[in-house]
Amino acid sequence: MDPDEVRRKRISRFQNTISLVPDEVRNPLVTKTSNSCPSIASVNAIDVSNEALIKGSPDNNSTLLKDRNLYTNHLICDVFEVTFSKDLYGKKNNYTFLTDVTSEFTEEGESNLPYISYEDKVETIIMNRLSSNKDERPLFQYLVQCYNRASQKNKDSADSNLIAKIQTFIVSFAGIVLVYPDMFPQPQSVLERANCVFADTLLLEDEGLLCITDAFLQDLIRTSIANDYVKEVFHPLLYELERCVGQYSFLDHIFPLLTALVRLCYHKNLLPVVVSVDSWDPEEGIKGGLDFERKSFLAAFIRLAPFPSACRHIAKTCFPDPLRKTKMEIDTIHQNIRTRLLSMQEVQYKIACCFLKGDGGREPFLNYISHVFSVNSKRRQMRSSSLAPPSSDGFLINLASILLRLCEPFMNPNTAKFFEKMDNWYIFSGSCRINLQAETCLVYSEPEKTAFVTSSMNAKDSAHPAHFITECFFLTAYCLHLGLLQTCVTYDEHMANIRDYQGLLNRLQEQSGSAWGPPEAEAFKQHLRGLLEVNIGEKYACDIQLFSLSFVERVLSYYALVCTWLIGLVDPDRAGLPLSEPSGLYKALPEFIIEDVVDYLLFVCRNQADLLIYNRGPLEKIIELFVLLLGAKEHLKNPHLRSKLAECMFMMTTEVQHEETPFVSIAQANPLALKFLVPSLISSYVEIEMTGSSNQFYEKFEVRFHLSIVLRLLWSIPEHRRQMINYSKGELFVRFVNLLMNDTTFLLDESLLKLRDIKETQSLMEEPEVWTKLPATVREERESRLTQDERQCRTFLLLAAETVSMFHYLTKEIVLPFLRPELVSRLAAMLNFNLKKLVGKDCQGLKVRNPEKLNFYPKKLLKELVDIYLQLTQGELSVEHPFVQAVGQDGRSYSAQLFPMAVRVLSKIGIDMEKVVKFSDLGRLVESYSQLRQADEEELGEVPEEFVDPLLYTVMSDPVRLPTSNLIVDRSTIVTHLLSDGCDPFNRKPLTIDQLESVDELKKKIKEWREKRAT
């Protein structure tokens, strides 16, 4: 078919659909003026010689009509840059002379041409102008300029209806040339990029006539919808924006693209068109989160981030030569880039708001987020599939940033609106957009959870729509879980690589030679230095977003809201500890709800702890939950999670470099912390005996070390010290002291044995003649063992020093619990054993090189042990004192020489002489009791077998029967055992202290026998 015939048919079709839009709804952004007719002066101001055109003296009405027609005609000519006068065409070269229209007009008389009204010929004028186009520019851009010129005329025109009519025709033809770019003549270069013309024009940073205004967009959208070609007009634009932004990274010129999408989504009636693009929510052929991210329309705009995975050259571009940069230089670079990041995230947030506020956008947007979670459900696995890799860190963290911003209106924990709208059962309902089937519960096993949810949801409307607050709360939690927390894990692994590279490089630089020879060694060092620079540069790039103060504040504020919500579930009456039985709803919650809070706080403490200084408010709610859960093991099935609560408190006390850490200020002022923090920590210390790990025996020492540091800090706060003194009167404190002794005994024993082995190896290596004669394999084995011994000894001594320190400060004001029969003998034996190790004849075996590198400070340890001896024997001393008797009864380590040896060493190390004298006096008193006891035992002679304790083989003083084995043991012996192990020592059946049965008859017989022997 002839091309001209095609054009004619298309024009005829669109002529039937073009319609005027009422002025009161079509142009809200254009300034309107008075409706009065223009004056003659205004008409004369037009750039036309009116005097040469106006002839004769018509009457008044005729003159006004001609004046108005003259004004209207020149307005139309100026808007479209057309003319019907050859004379004027010669003067204005940018105007197009419309021959066909001029011929039609001159049929009415050439002399009347200036006065003929063009108002009814606007459509004809536009069509003729477009049909006679000879410009190199796209016709769409020409029409945009015409629209803007009309808007400018509207500011000075009294006839806004005429301008509205002109702009309506302009917009209609703009849609035509976008849908059918070949309908009118355009250069081949324009036709080849026909699908890009709209995007090219929208992205022009031009404030002039080529600027696409919001009024133009609004008119184009309305006209396109009315004429049923809105998708044909806007889909090519959206695809081109997606293509363009997909080629850019965070450091490129991305803001025009992001702003363009915001401008489009601002128009609510366009949202259904945006979400109808093929790439909005792709499903077919998706291989994991990363593939979805690359094929998704919206992800192209959200994925932009300063992470190295999303912006490959950011480390080299922004952090060249990172090893030489000072902290101030790095901070300045971070501040500059974060300004850009915040601006970008603000635009991304506006995009999300546009979808959520529009009728046709909210549901598709929320479904889109749900699909993002679905394709990334395996991201938290230790090893994600390489065939279906998850989405990038930048995409998920930016999505989390958007959701956090959406939570801000209800993020204040004291906001009643949140609790009024919150549906706690949402994640178990049919309307939940998150699949949590594979998630571990806080308490329930999987079968228990299934049974509970099934029975509970039968009585509820499982598919009722949830309020947006509920959806936003849980979507944010899951997005942080999949995105931010996994990024934190990756970051920690990255930091471990940096430490490994740095450590290896330091060791190579310390070595005088190398196994490879100097050239090879230097090349390897350069290689390591290069790897180190790359990793540090990437680390700095990750810091931009992860440690932005505003981002950290939002995350902690959100987690404070989570903790407030959880406190309402575990302690609805705000009664504190002990907590009541957890509800089924709480038991069925996913474990990551709490674990993510702990892990994120640990992550910040490890890497940028000072950021916590600015977040005291959110931390207060978080610490309140920690206090309650540490003191209620039935609320957390996972003991490893409880141990992380203790680690978190420890990190908050040690890593924040500030005069008063947020943790300290909260501990001093928060009512719940003042009342329950000490009991919670002591309870956790006792119950952490089993961590649930295969390495639990050693893990418990680390957890208790963390708890010990926090307890030492609290001891320095008067309110908590009084709380600890009062708490020492309870039975749980006795178990606490018993475990403290167990740990101290094991740690010091192991440490001193390791020190002896280290001393032996060091002495051997100091004798070259002997060392070099050993086989190479033996030397390698000894060196390897030495390294391992040093590492273990360093750890054990650090832990042991803290437990001894705890004994030291506790016994200053708490004495009676340590003197109980079930404790005092073991405590005395522990002190005697370690005192003997430090001052006895074998103490020379502990003199290792650089003991401080092993955390071994023997003088400090000895002074603290002596102080403990003296603090436990405060007041008047006699041989009747239980601690004096316990020290003298220790047959393993005590001897008459123990205290004199200790006094000699104390005199040499410069300890206060007053303490030395007191300690010497205590030694003489102990020796007096020891001699009396020995004399009494000799007088007792042979002891009847029924009077002997079957475990310690000593004469019983308070015999009790074990109902589980029917055997009789001394009360102090079995109580000491049960404090550490809740089983009968003879058959391992469960046994508690309150089950013990006194054997009064035997007790009486033993007493009578002793009295008879004494006389």
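**Q** Explain the layout of surface pockets here, please?
**A** In this approach the atoms are scanned with a rolling probe the size of a water molecule, which exposes any empty space left behind. By volume, the largest pocket is sized at about 1800 Å³. What lines the largest pocket is a set of 49 residues, among which Ser825, Gln889, Leu952, Thr954 and Ser972 lie closest to the centre. Only α36 (731-765), α39 (821-839), α41 (882-889), α43 (913-940) and α44 (971-980) provide two or more residues apiece to the lining of the largest pocket. Tallied by class, the residues present in the lining of the largest pocket amount to 21 nonpolar, 13 polar and 15 charged.

**Q** Just checking my understanding: could you explain the environment of Asn69 for this structure?
**A** Here Asn69 is to be found in helix α5 (residues 60-80). Classification of Asn69 by relative accessible area gives buried; the value is 11%. Counting along the chain gives 50 residues from Asn69 to Glu119, while the straight-line C-alpha distance between them is 8.3 Å.

**Q** What is the right way to look at the pattern of salt bridges in this model?
**A** When charged atoms on two side chains of opposite charge get close, those side chains can pair. Inspection of the entire model under this criterion finds 43 salt bridges. In this structure, Lys915 engages Asp867 in a salt bridge whose closest nitrogen and oxygen atoms are separated by 2.9 Å. Here Asp867 lies in helix α40 (residues 858-871) and Lys915 lies in helix α43, a separation of 48 residues in the sequence. Assessed through its relative accessible area of 12%, Asp867 is described here as buried. The partner of Lys918 in a salt bridge is Glu914, with the nearest N and O atoms 3.7 Å apart. Taken as a pair, Lys918 and Glu914 lie in helix α43 at a separation of four residues, close to a single helical turn. Overlapping salt bridges bring together Glu81, Arg129, Asp135, Arg137 and Arg149 as one network.

**Q** What am I meant to see in the packing of helix α30 (residues 616-630) against helix α32 (residues 662-669) here?
**A** Describing two packed helices takes the angle between their axes plus the distance from one axis to the other. Running from amino to carboxyl end, α30 crosses α32 at an angle of 60 degrees, the nearest separation of the two axes being 10 Å. If you check the angle between α30 and α32, you find them oblique. As α30 packs across α32, the resulting crossing turns out to be right-handed. In this structure, α30 contributes Arg616, Leu619, Glu620 and Ile623 to the contact, and α32 contributes Pro662, Phe663, Ser665, Ile666 and Ala669. Tallied by class, residues from the contact of α30 with α32 come to six nonpolar, one polar and two charged.

**Q** Help me understand the pairing of strand β3 (residues 959-962), please; the structure alone is not making it clear to me.
**A** On any regular strand, side chains alternate: one points to one face of the sheet, the next to the other face. The pairing of β3 with strand β4 (residues 967-970) spans four bridges and is classified as antiparallel. For Pro959, the partnering residue across the bridge sits in β4 and is Asp970. Linkage of β3 to β4, two consecutive antiparallel strands, is achieved through a turn of four residues, within which Asn966 is found at a positive phi near 65 degrees. Two strands pair when backbone bridges link them, and β3 and strand β5 (residues 997-998) are joined in this way by two bridges, in the antiparallel orientation. Paired with Arg961 across the bridge in β5 is Glu997.

**Q** Mind showing me how you'd approach helix α8 (residues 122-131) here?
**A** Since the α-helix advances by 3.6 residues per turn, residues separated by three or four positions end up pointing in the same direction. In terms of residue burial, α8 counts as a mostly covered element, since eight of its 10 residues are buried. Regarding α8, the residues found buried are Val122, Glu123, Ile125, Ile126, Met127, Asn128, Arg129 and Leu130.

**Q** Looking at this structure, I do not really get the nonpolar core. What am I missing?
**A** Soluble globular proteins tend to bury their nonpolar side chains together. Residues Phe80, Phe234, Tyr586, Tyr600 and Leu810 are the most contacted members of the largest nonpolar core, which totals 320 residues. Residue contributions to this core peak at 19 residues, all from helix α25 (residues 468-510). Contacts of Tyr600, omitting those with residues within four sequence positions, involve Leu484, Leu485, Cys488, Leu546, Val552, Val555, Leu556 and Tyr559. Counting residues in each nonpolar core, the second largest holds six residues, with Phe947, Val999, Leu1002 and Trp1009 among its members.

**Q** Where do I start with the sheet that holds β5 in this structure?
**A** Two modes of strand pairing occur in sheets, parallel and antiparallel, and in both the strands are linked by backbone hydrogen bonds. The three strands are arranged β4-β3-β5 in an open sheet whose pairing can be described as antiparallel. In the strand order of this sheet, the two ends are held by β4 and β5, each with one partner. In the packing of α44 onto the sheet, the strands contacted are β3, β4 and β5, and the crossing angle to β4 comes to about 90 degrees.

**Q** Looking at this model, I keep getting lost on the environment of Phe807. Mind explaining?
**A** Tracing the backbone shows Phe807 in helix α38 (residues 776-810). The sequence separation of Phe807 and Thr744 amounts to 63 residues, and the corresponding C-alpha distance is 9.5 Å. In this view, Phe807 contacts Val737, Leu740, Met741, Thr744, Phe818, Leu827, Met830 and Ile868; residues no more than four positions away in its chain are not counted.

**Q** What am I meant to see in the packing of α39 against helix α42 (residues 898-908) here?
**A** Remark: α39 packs on α42, axes separated minimally by 10 Å, with the N-to-C direction vectors making an angle of 50 degrees. Taken together, the axis directions place α39 and α42 in an arrangement best described as oblique. Relative to α42, α39 is oriented so that their crossing is left-handed. Judged by residue contacts, Asn832, Leu835, Lys836 and Val839 of α39 engage Leu898, Met901, Ala902 and Val905 from α42. The residue makeup of the contact of α39 with α42, split by class, is six nonpolar, one polar and one charged.

**Q** Would you mind going over a nonpolar patch on the surface with me for this structure?
**A** A contiguous nonpolar surface patch, about 330 Å² in accessible area, is contributed by Leu951, Leu952, Leu967 and Phe986. With respect to the helices and strands, Phe986 occurs in the loop between α44 and β5.

**Q** Help me understand the side chain of His720, please; the structure alone is not making it clear to me.
**A** Positionally, His720 belongs in helix α35 (residues 718-727). Exposure remark for His720: the relative accessible area of 0% places this residue in the buried category. In this structure the side chain of His720 is engaged in a polar contact, spanning 2.8 Å, whose partner is the backbone oxygen of Ala667. What His720 contacts, discounting residues up to four positions off in sequence, is Ala667, Ala673, Leu674, Leu677, Val678 and Leu714.

Scoring rules and cut-offs
The residue numbers shown here count from 1 along each chain, following its written sequence. Given that this is a predicted model, residues contribute local features only at a pLDDT of at least 70 and side-chain atom pairs are listed and counted only at 80 or more, while totals for whole chains, interfaces and linings are drawn from all residues. Just so you know, side-chain values use all the structure's heavy atoms and leave hydrogens and water out. In this analysis a 1.4 Å probe is tested at points of a 1 Å grid over the protein atoms alone, and where it fits but cannot get out there is a cavity; an open set with protein on both sides within 12 Å along at least five of seven lines is a pocket; lining residues have an atom within 4 Å of a point. Grid points are joined across faces, edges and corners, and a volume is the space filled by probe spheres set on the points. Only DSSP runs of H or I with at least four residues qualify as helices, and only runs of E with at least two residues qualify as strands; both kinds are numbered from the N terminus onward. Each residue gets one label: Ala, Val, Leu, Ile, Met, Phe, Trp, Tyr, Cys and Pro are nonpolar, Asp, Glu, Lys and Arg are charged, and the others, such as Gly, are polar. The rule is simple: take the accessible area with a 1.4 Å probe, protein chains only, and divide by the maximum for that residue type; under 20% is buried, over 50% is exposed, in between is partly exposed. Any carboxyl oxygen of Asp or Glu within 4 Å of a side-chain nitrogen of Lys or Arg constitutes a salt bridge here. Fitted lines through C-alpha atoms give the axes, limited to the stretch in contact for helices. The angle between two N-to-C directions lies from 0 to 180 degrees. To sort the angles, those under 35 degrees are grouped as roughly parallel, those over 145 as roughly antiparallel, those from 65 to 115 as roughly perpendicular, and the leftovers as oblique. By definition, turning the near helix anticlockwise from the far helix through less than a right angle yields a left-handed crossing, and turning it clockwise yields a right-handed one. The contact rule is simple, with two residues in contact once any of their heavy atoms fall within 4.5 Å. Two strands qualify as a pair provided DSSP detects at least 2 bridges between them. Here the nonpolar core consists of buried residues drawn from Ala, Val, Leu, Ile, Met, Phe, Trp, Tyr and Cys, with membership extended through side-chain atoms lying within 4.5 Å. The patches reported here contain residues having more than 30% relative accessible area and no salt bridge. Joining distances are 9 Å for like charges and 5 Å for nonpolar side chains (Val, Leu, Ile, Met, Phe, Trp, Tyr). Methods summary: accessible areas were calculated by the Shrake-Rupley approach with a probe of 1.4 Å, and residue burial reflects only the protein chains presented. Contacts described as polar in this section are N or O atom pairs within 3.5 Å, which, within protein, must combine one atom able to donate a hydrogen with one able to accept it, while residues neighboring in sequence count only if both atoms come from side chains.

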